[in-house]
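One letter stands for each residue in the lines below.
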Amino acid sequence: MTAPAGHLIEISGALVRARCTAPVGLNEVVYVGDDRLVGEVIALEGDVATMQVYEETAGLSPGAPVELSGGPLSVTLGPGLLGAAFDGIQRPLDRLALSQGDFLGCGQHLAPLAPDRLWEFRPTAAAGAAVHAGDELGVVRETDSLDHRILVPPGIAGTLVDIAAPGAYRTSDRLGRVQPASGATVDVGLAQRWRVRVPRPFRQRLHATTPLLTGQRVLDTFFPLSCGSAAGMPGGFGTGKTVMQHELCRWARADVIVFVGCGERGNELTEMLWKLPDLVDPRSGRPLAERTILVANTSNMPVPAREASIYTGVTMAEYYRDMGYHVLLLADSTSRWAEALREISGRLGEIPAEEGYPSYLSSRLAAFYERAGRVVTLGGREGSVTIISAISPAGGDLTEPVTRHTQRFTGCFWTLDKRLAEARGFPAVSVEDSYSMVSADLEPWWRDEVSPDWAPHRREALTVLEEAARLRHTARLVGEDSLPDRQRLVLRVAELFEEGFLRQSAYDAKDASCSPARQVRLLSLLLDFYHRGLDALGRSVPVRALTALPVVAALARAKSTFGDDEIAGLDRLAIQIADQCASAGKAEMVEAVS
Ligand SMILES: Nc1ncnc2c1ncn2[C@@H]1O[C@H](COP(=O)(O)OP(=O)(O)OP(=O)(O)O)[C@@H](O)[C@H]1O
Ligand SMILES: [Mg+2]
């Protein structure tokens, strides 16, 4: 233990003040009290430092010592992150639970990565080579699902003086030395530290061209997300935000998933923590944990660590992006994060802006979403960080500050609708109140990789759904029977779209996820029925004769009847649609003539 750099003079919840006797830096990490609780300096005034403490401060008293760490809040990056669970300041929850039991005491410190674990390192660079930040030095098979590339850390370039032979190493071992053009040699190991509030550098930002497929039809087809963009998902209480995030964790086509449980219910996160090791990646058949990192800060954990958790999460996401991976960061929820910001700001006595949030809420949100992106990394690879954050607006009010500001900084907005959720219409994504600003950028990908039908079909389907929404208002005023047949058909077809396409149960074995090819096929079947229905109306077939066709019920059920590898079944349904629509109404006409 080093000599104290100051002593506490005031304690106010998670905020404490100390009079310092040594120079302290803003954002420097400090250890407070005899238990050495972790904190961070967030304000300095003369020799008085204000600190937020990431742990429970109940046992502290004035006069307690404060030690300096010498640096800002940082995380350790290296093999062993995948499959692990951390709190907001990267304390390893799983290993702490093993050593301390389920109820963590204060001041419990363990290195984020297991120090004794050996990793099989295979060098790929040779001694004597000129190396730059981002260049690969070697590879560690971190899990059976992922190669962990050991790269020259940002800011380092020079000649690789030596490199370790193939073999097993600890994260603290030196693997090589780099001699810069001037100055002392720099050691490079399996792990590195990075300041969480500073984005990791990259070479160039790239445009959105590839979708981040989620397996959820309403998202992939109607409100698609691209690799490297950000989406906000606002929804009131019980509208399905957490279930959706869990589904994305399982099905989204990302190499690595970072799940930040931020201020949500402890039991949900505990359940996830327990379940994760047993969950199987539905696409690879391997354990999901092999490509997942969990950052958990539940509602009953100290507020400042919640504020730190999204930075901890996004820094780990950028680290895997730099290796050339596509990483998805899920945050549940940024509203609870913003509440932490509000609480700290209030205790600091800052002048509140909208609804008590500090005036820097918007710039903090912007800085967070800015860390999403598809990039060329320093080493010349392509990688991306995509962010999807749930927002829980109080009372479902979408005009509140967190929702509004998130809307400004994200290209996709998936609004969850209370009424749909109450009617158990999951996922309760509202077609009227959601949007994606990247759908046009993704059209070439869908055209080349899946089908040229995607773009025109989604546009036509959206038009039908919008028209139906307008017609419902009219029907409420004048009664549906007074509407012309074409409009009544639009209403029926929209219902079929909702039932047969938009609704997707997370618990349906065949339909929990939907491949791009099946999405387009289902959509084209529904539109086929619509077009043939319009033709039939032209032959004076009544709407009720069309909606009574057996194929309508089959269409509504098709999503659960035919899974991703049973698309041929959908082709057979297409023949039934053609046959039944062609003969629709014949019986009635014969009846009318006789
Ligand atoms: N995609 C889905 N498929 C089937 N059921 C769902 C789906 N989404 C949500 N549900 C049902 O709705 C319930 C509530 O969902 P969830 O806990 O995700 O809501 P939430 O928006 O996270 O709520 P809160 O605001 O309390 O955090 C779930 O327990 C589940 O029964
Ligand atoms: Mg929830």
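Enquirer: Help me understand the overall build of the protein chain in this model?
Expert: Of the regular secondary structure elements, the protein chain holds 17 helices and 26 strands. With the C-alpha coordinates of the protein chain rotated into their principal frame, the extents come out at 105 × 55 × 40 Å. Out of the 594 residues in the protein chain, the part that is buried amounts to 47%. At a minimum sequence separation of 6, the contacts of the protein chain that also span at least 24 residues come to 69%.

Enquirer: Explanation requested: the site of ligand 1 in the structure shown.
Expert: Near ligand 1 you find 14 residues, and of these Gly 240, Lys 241, Thr 242, Val 243 and Phe 426 are the closest. Taken together, the residues that form the shell around ligand 1 break down as six nonpolar, seven polar and one charged. Built from parts of two domains, the shell around ligand 1 gets at least three residues from each of domain 3 (210–439) and domain 4 (454–593).

Enquirer: So what exactly am I meant to see when it comes to helix α6 (residues 334–348) here?
Expert: Each α-helix turn comprises 3.6 residues. Residues three or four places apart therefore point the same way. In this model α6 runs 21 Å from its N-terminal to its C-terminal C-alpha over 15 residues, within 8% of the 21 Å that 1.5 Å per residue would give. Summarising burial for α6: 11 of the 15 residues are buried, a large majority. Those residues of α6 that sit buried are Thr 334, Ser 335, Arg 336, Trp 337, Ala 338, Glu 339, Ala 340, Leu 341, Arg 342, Ile 344 and Ser 345. Looking one or two residues past α6, Gly 349 carries a phi angle of roughly 75°, positive in sign.

Enquirer: Explain the domain arrangement of the protein chain to me, please; I cannot follow it from the model alone.
Expert: Assigned domains of the protein chain: these are domain 1 (6–72), domain 2 (119–193), domain 3 (210–439) and domain 4 (454–593). When residues of the side of domain 3 that touches domain 4 are traced back to their parent elements, those giving at least two are α2 (217–222) and α3 (241–251). The element that contributes the greatest number of residues to the side of domain 3 that touches domain 4 is α2, accounting for five residues. Among the residues forming the side of domain 3 that touches domain 4, the class breakdown is nine nonpolar, four polar and four charged.

Enquirer: For this particular structure, what's the right way to read unusual backbone geometry?
Expert: For residues other than glycine, phi is negative in most cases, and the peptide bonds are mostly trans. A cis amide bond links Asp 332 with the next residue in sequence, Ser 333, at an omega value of 0°. Locating Ser 333 in the fold gives a position in the loop between β22 (326–332) and α6. Unusually for a residue other than glycine, Arg 36 sits at a positive phi of about 55°. As for its placement among the helices and strands, Arg 36 is situated in the loop between β3 (28–32) and β4 (37–45).

Enquirer: Hey, could you run me through the environment of Gln 204 in this one?
Expert: Mapped onto the elements, Gln 204 comes out in strand β18 (residues 204–206). Sequence separation between Gln 204 and Val 541 is 337 residues; the distance between their C-alpha atoms is 59 Å. Excluding anything up to four places from it in sequence, Gln 204 contacts Val 375 and Val 376.

Enquirer: Sorry if this is basic, but what is going on with the sheet that holds strand β2 (residues 15–20) here?
Expert: Strand pairing in a sheet takes place through backbone hydrogen bonds and is either antiparallel or parallel in direction. Taken together, the six strands give a closed barrel; going around it, the order is β1-β2-β5-β4-β3-β6, and neighbouring strands pair in antiparallel fashion. On average, each strand axis in the sheet is tilted by 45° relative to the strand beside it, whichever way the strands run. The sheet contact formed by β3 and strand β6 (residues 65–72) spans four bridges and is antiparallel. Directly across from Tyr 31, in β6, lies its bridge partner Glu 67. Docked against the sheet, α6 engages β1 (6–12), β2, β4 and β5 (48–53), running at close to 45° with respect to β2.

Enquirer: Sorry if this is basic, but what is going on with the nonpolar core here?
Expert: Where a protein is soluble and globular, its nonpolar side chains tend to be buried together. By size, the foremost hydrophobic cluster in this structure holds 160 residues, and its most contacted members are Val 258, Val 327, Leu 329, Leu 330 and Leu 526. Among residues more than four places away in sequence, those in contact with Val 258 are Ile 293, Val 295, Gly 313, Met 316, Ala 317, Val 327 and Leu 329.

Enquirer: Just to check I follow, could you spell out the pairing of β3 for this structure?
Expert: Working note: regular strand, side chains alternate between the two faces of the sheet. In terms of residue burial, β3 counts as a mostly covered element, since five of its five residues are buried. In this structure, β3 lies alongside β4, joined through four bridges in antiparallel fashion. Residue pairing for β4: Val 29 is matched across the bridge by Glu 40. Between β3 and the antiparallel strand that follows it, β4, lie four residues; Gly 33 among them carries a positive phi value of about 75°.

Enquirer: For this particular structure, what's the right way to read the environment of Asp 47?
Expert: Inspection of the secondary structure puts Asp 47 in the loop between β4 and β5. A tally of 13 C-beta atoms within 10 Å means that Asp 47 is categorised as partly exposed. C-alpha of Asp 47 to C-alpha of Thr 221: the two residues are 174 residues apart in sequence and 58 Å apart in space. Ignoring anything within four residues of it in the chain, the contact list for Asp 47 reads Arg 19 and Cys 20.

Enquirer: Got a minute to help me understand the sheet that holds strand β9 (residues 119–123) in this structure?
Expert: Spatially, β12-β11-β9-β14 is the arrangement adopted by the four strands of the open sheet, whose pairing is antiparallel. Across the chains shown, the open sheet's two edge strands, defined by having one partner strand only, are β12 (146–151) and β14 (167–169). Adjacent strand axes in the sheet meet at a mean angle of 40° when their direction is disregarded.

Enquirer: Would you explain the packing of helix α13 (residues 516–538) against helix α15 (residues 550–561) in this entry?
Expert: Where α13 contacts α15, the two axes come as close as 11 Å, and the packing angle between them is 180°. In terms of their interaxial angle, α13 and α15 are classed as roughly antiparallel. Contacts from Leu 522, Leu 525, Leu 526 and Phe 529 of α13 reach α15 at Leu 555, Ala 558 and Lys 559.

Enquirer: Whenever I open this one, helix α7 (residues 361–369) confuses me. Can you help?
Expert: Taken as a whole, α7 has its buried residues at Leu 361, Leu 365, Phe 368 and Tyr 369. When α7 is viewed along its axis, its buried side chains cluster within an angular range of 90° and face the same direction. For α7, the elements touching its buried residues are β19 (230–234), α5 (303–322), α6, β24 (382–391) and α8 (401–409).

Enquirer: When you look at the confidence of the model for the protein chain in this model, what are you seeing that I'm missing?
Expert: In regions of low pLDDT, the predicted coordinates are not meant to be interpreted in detail. Confidence in the prediction of the protein chain, expressed as mean pLDDT, is 92, and 96% of residues score 70 or more. For the protein chain, the element scoring lowest by mean pLDDT is helix α17 (residues 586–593), at 58; strand β23 (residues 373–376) scores highest, at 98.

Enquirer: Even after reading the chapter, I still don't get the environment of Gly 563, so can you show me in this structure?
Expert: Within the secondary structure layout, Gly 563 lies in the loop between α15 and α16 (567–583). We classify Gly 563 as partly exposed; it has 18 C-beta atoms within 10 Å. Considering only alpha carbons, one finds Gly 563 and Arg 205, 358 residues apart in sequence, at a separation of 37 Å.

What counts as what
- Residues numbered from 1 in each chain as written.
- Chains lettered and ligands numbered in written order.
- Predicted model: local features only at pLDDT ≥ 70, side-chain atom pairs only at ≥ 80, totals over all residues.
- Helix = DSSP H or I, 4+ residues; strand = E, 2+ residues; numbered from the N terminus.
- Buried ≥ 20, exposed ≤ 12 C-beta atoms within 10 Å, placed from the backbone.
- Contact = placed C-beta atoms within 7 Å.
- Near = placed C-beta within 6 Å.
- Nonpolar A, V, L, I, M, F, W, Y, C, P; charged D, E, K, R; others polar.
- Domains from an automatic or database assignment.
- Expected span 1.5 Å × (residues − 1).
- Pairing = 2+ DSSP bridges.
- Axes fitted to C-alpha atoms, helices over the stretch in contact; angles between N-to-C directions.
- Core = buried A, V, L, I, M, F, W, Y, C linked by C-beta atoms within 7 Å.
- Parallel < 35°, antiparallel > 145°, perpendicular 65-115°, else oblique.
- Arc of directions from axis to C-beta.
- pLDDT = per-residue confidence, 0-100.

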